[in-house]
Amino acid sequence: MLGRDAIRQQKREVRKAAYGNNIVPSSIAKSTGPAYPHRLNFYTVPPKDEVSLEEFEQWAIDRLKVLGEIETCLFRNNSPPEIDAVLKKLLEKYMPLNSNSSIPESERSNPRRFVGLANERKKDHYSHFILRLAFARTDDLRRRFTMTESILFRHRFSTDNTVERAEFLNSLELGSEPVSDSEKASLAEELKAVLISGSKMPAEKARQSFEQEQYLKVEWDRVSDLVEGRKVFLRRGYAYVPNSMLLSLVMAEFSRRLDESLIKTARFLPRLDEDDRLVPILEHLSKGFTAPEYTSSTSLATLSGEAITAAQIDNLSSHFPLCMKNLHTAVRRDKHLRHFGRLQYGLFLKGIGLSIDEALIFWRQAFSKFTDDQFNKEYRYNIRHTYGLQGAGRNYKPLSCQQILMDHPPGTGENHGCPYRHFSVENLTVAMGRLMGVEDRGVVTGVRQDVEAKKYHLACNRVFEYLHQKELKGKEGAGRETITHPNEYFDKSWGLKNPGRKGGDGGEAQVKEEDVVMT
Amino acid sequence: MAPHKTTLDDDGDDAMQDVDSMQVDSVGADEKTAVKDELEHMFDDDLDDEPMVDASNIYKNNSGKANTTAISDILSTNPSDPQIMLQFYSRLFPWRQLYRWLNHSDLPSTDFAHREFAFTLHNEAYLRYQSYPTFETLRRDVLKLNPSRFEIGPVYSARPRDRKQVQKGSFKPIEKELVFDIDLTDYDEIRTCCSKTKICIKCWQFVTMAIKVVDVALRDDFGFQHIMWVYSGRRGAHAWVCDKKARKLDDGKRRAITAYFEVVKGGSQSGKKVNLDRPLHPHIRRSHDILKDDFRQNILENQDPFRTEKQAERLLQLLPDRQLNEALREKWDSTIERPSSEKWKDIDALAGSGASKTIIPKVLLEHKQDIILEYTYPRLDAEVSKHLNHLLKSPFVVHPGTGKVCVPIDISKLDEFDPDDVPTVTQLLKEIDQWKNPVKKEEDGDNSISRVSDIDKTSLKPYHDLFSRFVQKLLNAEKSVNKKTGEIKTEGMDF
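This structure is a prediction, so every number in the text was calculated from the model and none was measured. (Residues numbered from 1 in each chain as written. Chains lettered and ligands numbered in written order. Predicted model: local features only at pLDDT ≥ 70, side-chain atom pairs only at ≥ 80, totals over all residues. Heavy atoms only, no water.)

**Overview of the packing of helix 15 (residues 322-334) of chain B against helix 16 (residues 340-352) of chain B**
A pair of packed helices can be characterised by two numbers: the angle between their axes and the separation between those axes. All names here are of chain B. Put simply, the rule is: A fitted line through C-alpha atoms serves as each axis, taken over the contacting stretch for helices, and the angle formed by two N-to-C directions is quoted from 0 to 180°. Secondary structure elements follow DSSP: runs of H or I of four or more residues count as helices, runs of E of two or more count as strands, with numbering from the N terminus. Angle categories: roughly parallel below 35 degrees, roughly antiparallel above 145, roughly perpendicular from 65 to 115, and oblique for all the rest. By definition, turning the near helix anticlockwise from the far helix through less than a right angle yields a left-handed crossing, and turning it clockwise yields a right-handed one. We call two residues in contact whenever any of their non-hydrogen atoms come within 4.5 Å of each other. For this classification, the nonpolar set comprises Ala, Val, Leu, Ile, Met, Phe, Trp, Tyr, Cys and Pro, the charged set comprises Asp, Glu, Lys and Arg, and every other residue, Gly included, is treated as polar.
Relative to each other, helix 15 and helix 16 sit at 130 degrees, their axes nearing to 10 Å. As summarised for this structure, helix 15 and helix 16 are arranged oblique, according to the angle between their axes. The chirality of how helix 15 crosses helix 16 is right-handed. Of the residues in helix 16, those touching helix 15 at Leu-324, Ala-327, Leu-328, Lys-331 and Trp-332 are Lys-343, Asp-346, Ile-347, Leu-350 and Ala-351. Here the contact of helix 15 with helix 16 is composed, by residue class, of seven nonpolar, no polar and three charged.

Encoded structure:
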């Protein structure tokens, strides 16, 4: 936890460093025992030593490169093994972190051999705390920092040497108690069912792996992610966690502690403002960690210079990605959309440049089975809200693919979400044919493979490329994985089908958009 | 981050901005009034000029004397008639128990004082962030505003009324009961007897089945004890899990529990909606064991969901084997509208007779289990449960559409519960009118009459008693928890 004292200390030391002081030898002498006995670090103790401004910035940038890449992997829906592969290379380059066993046993008694390891661990330790300062300031940054740091930790934990990992685990206090053999035996049926669920293990092997397994009992909310996926057996408020799933327990603890400390750090942040050396660096750092977010590309707000009207939506829908086409078809068919459908589609339409007045016309006409009174009562507020005209007055951005994929999976009777992810394969095939006119066997098979590999954005890009193959021909650099936002899909599609018309007066459009928000 | 109809996090703040201007707690100079208003509430122990008395005075004046059949005379039969509502909230609503329930103690505490209440007025205006030091003040406001319904939100870090006075960012929801919402709208694609807002005892069974499964899991799996089920007034039920630990859960943990109960997955286009790994998780296994008999009775017999050709085709889509499907289709083509229960039996009969060479009995069995769950497993409105700051209609409120009171459901007699039997507000008021002291002993005279409370004269009494018992148990548990922590503290001192 980076408390007030720690920050003060850090500030003082950084200031000293800025005035040319080097590391004070006494600070090493002061420390009791080895500073970093384990390769893994739960980052509970803030750094105390001095660093130079250059190191301060360089270490942070190196770590940021790693975290940035992790976020990109998440965004691409990469699996843990894929992320591990990416991280392995990246970490070797920017932040190597070797285990104690990397030193031959015969030389371990020589403390000098540990200097290299200690330096790696120090960089890991310090860069983590520097980035805490940069990313504690907003909810969103905190959330993303915890998420990416947790994955980095997971990578290191799972690649750690088993003996050293066990030592590290012992040093944490996790509030769990072992399950006795007799209790394990009395719950054998339930525990085994959960352990082998979905693994299609032959009976004999299942029995063996169950017998080898040891269990810990923790209060269920310590492992809520395992509860969420029904990965553990629950009884009277306790979760029975097999040793093989310990990782999840440790991860949950890691993010929980990090979340708590970040909030504390945030509370002390204002005190940093006096320091004119640190603040610019920290601000610069947090800017380097921005998520791909769609800012409606101004020129398209007006297409060929004229504002989009409600009546044009049907025609324009040929440029929509499947998710929006599906919502459009659903609203035309059902004369209604449920809440998240309205949100996803409404923000998309806002993003392509539908003004609030036209949006109200569009939705009023679309919801034709409702009376004016019902519409005004139930939906008008909601639509105005998405335009920031009601309520908190926030200018909501169109949802990105990531938000659509992750945030609210559609329930019964709901049409939002990503069809590539949320449709069954059969229904997806039908929808691609009926809504997008994609029946080419090669494309359909390709999409199926993408979907199976959970590369939903790849599937969507594949369809895009197929539908625009004529226009894309001859254009170099039309690589994969380029579209990451439904509005980007629309913009690209419209631009390709209307070459030369794209552009318009960007400046004017910008103003226009602002007007919409300010009205 | 997104505007949602009832989550109303920070957006909701201003969802009522139209109303705010007429409310005392808007901005600027009005804030002083708000404080003053608050103070008035706080020291207002004077019950003499309560609207309750006003209301019955009106009625007394109209009728000439007390306790005659006059109430129903002056009231229309429309249950959402403001006059009827007013009578209900002044004479029958269990204010004291509601207070004890939310306050977790008989002594005033922030559990109640920092709790958000939200009112929907008869003109559809929605008033959020109301809070009250005592139940008398809450009651007085309800009688003054006469809302068509009111909802209960979380306990905040400060009094919700003062939210604009406290430092920005420090006004936060702290705790709220873990809640679940079962609504028959989520069953529309599988219920055949009614649709939309209609409901009958047949489709009520979906709710009964859901309650059974969720209740046992909350107790046996999660270890919760204080679970109250409440009829939502029309076509669903709410659960309020009131254990201290449940109240303190953050959004992430609420989401985890919600996901634990998510078995029927997918939107309108996702095909087979239950696809579970085998062996089944013990929770699913137990749920399936509970539900499989209900499936036969409530689904196959009563809902008869596979009767027509189109419906039967849906059943075939959920089965794994093409050859078996061919055989079934052929059989069903010759017998028009064969009942679902027969069709269900046909599956095993034909599979056993060797109609398909490719069928794997284990796979068929698993698919049949999945189908049973798809038609019976609880479909919860997840958004309600996931968020600490979601508001939920208070128990004992009158549903403005049906006039029915949102009564607690006795879980030990769950199978007997029929929404048709739930008293409506007009019925209850009539019962007060028609009530006669059963023991007419002359020596007791008028005194005995005045001692019987209005609730005791009506069919609301058993529900009220159920609620009181629940609250008492909760308070006892709360006390022993406090005592325990106290003991630990003193032990620590001895060392």
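Next, the rest of the story.
**A look at the interface of chain A and chain B**
To keep it simple, the criterion reads: Note on terms: buried area is the combined drop in 1.4 Å-probe accessible area of two parts once they are placed together, counting the loss on both. A side-chain nitrogen of Lys or Arg and a carboxyl oxygen of Asp or Glu constitute a salt bridge if their distance falls within 4 Å. Identification of polar contacts relies on pairs of N or O atoms within 3.5 Å, with a donor-acceptor requirement for protein atoms, meaning one able to donate a hydrogen and the other able to accept it, and with residues adjacent in sequence counted only if both atoms are side-chain atoms.
Taken together, the contacts link 47 residues of chain A with 48 residues of chain B. Of the roughly 3800 Å² buried where chain A meets chain B, counting both sides, 54% is carbon and sulfur surface. The largest share of the area that chain A buries against chain B comes from Trp220(A), Arg230(A) and Thr412(A), three residues that together contribute 20% of it. Our count for the contact surface shared by chain A and chain B stands at five salt bridges. Between Arg338(A) and Asp186(B) there is a salt bridge; the shortest N-O distance is 4.0 Å. Summed over the shared surface of chain A and chain B, the number is eleven residue pairs in polar contact (both at pLDDT 80 or more). When residues of the side of chain A that touches chain B are traced back to their parent elements, those giving at least two are helix 9 (188-196), helix 11 (224-228), strand 3 (233-235), helix 16 (339-352) and helix 18 (372-386) of chain A. Partitioning the side of chain A that touches chain B into residue classes produces 17 nonpolar, 18 polar and twelve charged.

**Points about the sheet that holds strand 7 (residues 236-241) of chain B**
Residues and elements named next belong to chain B. In plain terms, the rule: DSSP bridges decide pairing: two strands pair if at least two such bridges lie between them.
The strand order 5-7-6-9 describes an open sheet built from four strands, whose pairing is antiparallel. The open sheet is flanked by strand 5 (178-183) and strand 9 (408-409), the only strands paired with a single partner. Where strand 6 (residues 227-231) lies against strand 9, two bridges are found, and the strand directions are antiparallel. Residue pairing across strands places Trp-229 opposite Ile-409, the latter belonging to strand 9.

**Here we look at the confidence of the model for chain B**
Residue and element names in this part refer to chain B. To be explicit about the condition: pLDDT is defined as a per-residue confidence score from the predictor, taking values between 0 and 100.
On average, residues of chain B score 82 in pLDDT, and 78% of them reach the 70 mark or higher. Here residues 1-75 scores under 50 on pLDDT; set against residues more than four positions off or in separate chains, the count is 137 contacts. Long-range and interchain partners of residues 486-495, a stretch whose pLDDT sits below 50, account for zero contacts in this model, where long-range means more than four residues apart.

**Quick word on the environment of Phe210(A)**
All names here are of chain A. Selection criterion: Burial classes follow relative accessibility: with a 1.4 Å probe on protein chains only, a residue under 20% of its type's maximum area counts as buried, one over 50% as exposed, and anything between as partly exposed.
For Phe-210, the location among the structural elements is in helix 10 (residues 203-212). Assessed through its relative accessible area of 9%, Phe-210 is described here as buried. Separated by 26 residues in sequence, Phe-210 and Lys-184 have C-alpha atoms that sit 9.9 Å apart. Sequence-distant contacts of Phe-210, that is, excluding residues within four places in its chain, are made with Lys-184, Ala-188, Leu-191, Lys-192, Leu-195 and Tyr-215.

**Points about empty space enclosed by the protein**
Residue and element names in this part refer to chain A. Selection criterion: Cavities and pockets are defined on a 1 Å grid built over the protein atoms alone: a cavity is a set of grid points where a 1.4 Å probe fits but cannot escape, while a pocket is an open set with protein on both sides within 12 Å along at least five of seven lines, and lining residues are those with an atom within 4 Å of any such point. Grid points are joined across faces, edges and corners, and a volume is the space filled by probe spheres set on the points.
This model, assessed by the stated rule, comprises nine cavities of 30 Å³ or more. A volume near 150 Å³ is recorded for the largest cavity. Around the largest cavity, the lining comprises 17 residues; the ones closest to its centre are Cys-323, Cys-401, Cys-418, Tyr-420 and Cys-460. The set of elements that each furnish at least two residues to the lining of the largest cavity consists of helix 15 (322-334), helix 19 (401-406), helix 20 (419-422), helix 23 (456-467) and helix 25 (486-497). When the residues that make up the lining of the largest cavity are grouped by side-chain class, the tally is 14 nonpolar, three polar and no charged. Put simply, the second largest cavity is a space of about 70 Å³. As for the second largest cavity, its lining consists of His-339, Arg-342, Leu-343, Gly-346, Ala-359, Trp-363, Asn-382, Ile-383, Thr-386 and Tyr-387. Only helix 16, helix 17 (356-366) and helix 18 provide two or more residues apiece to the lining of the second largest cavity. With four residues, helix 16 is the largest single contributor of residues to the lining of the second largest cavity. For the lining of the second largest cavity, the class distribution of residues is five nonpolar, four polar and one charged.

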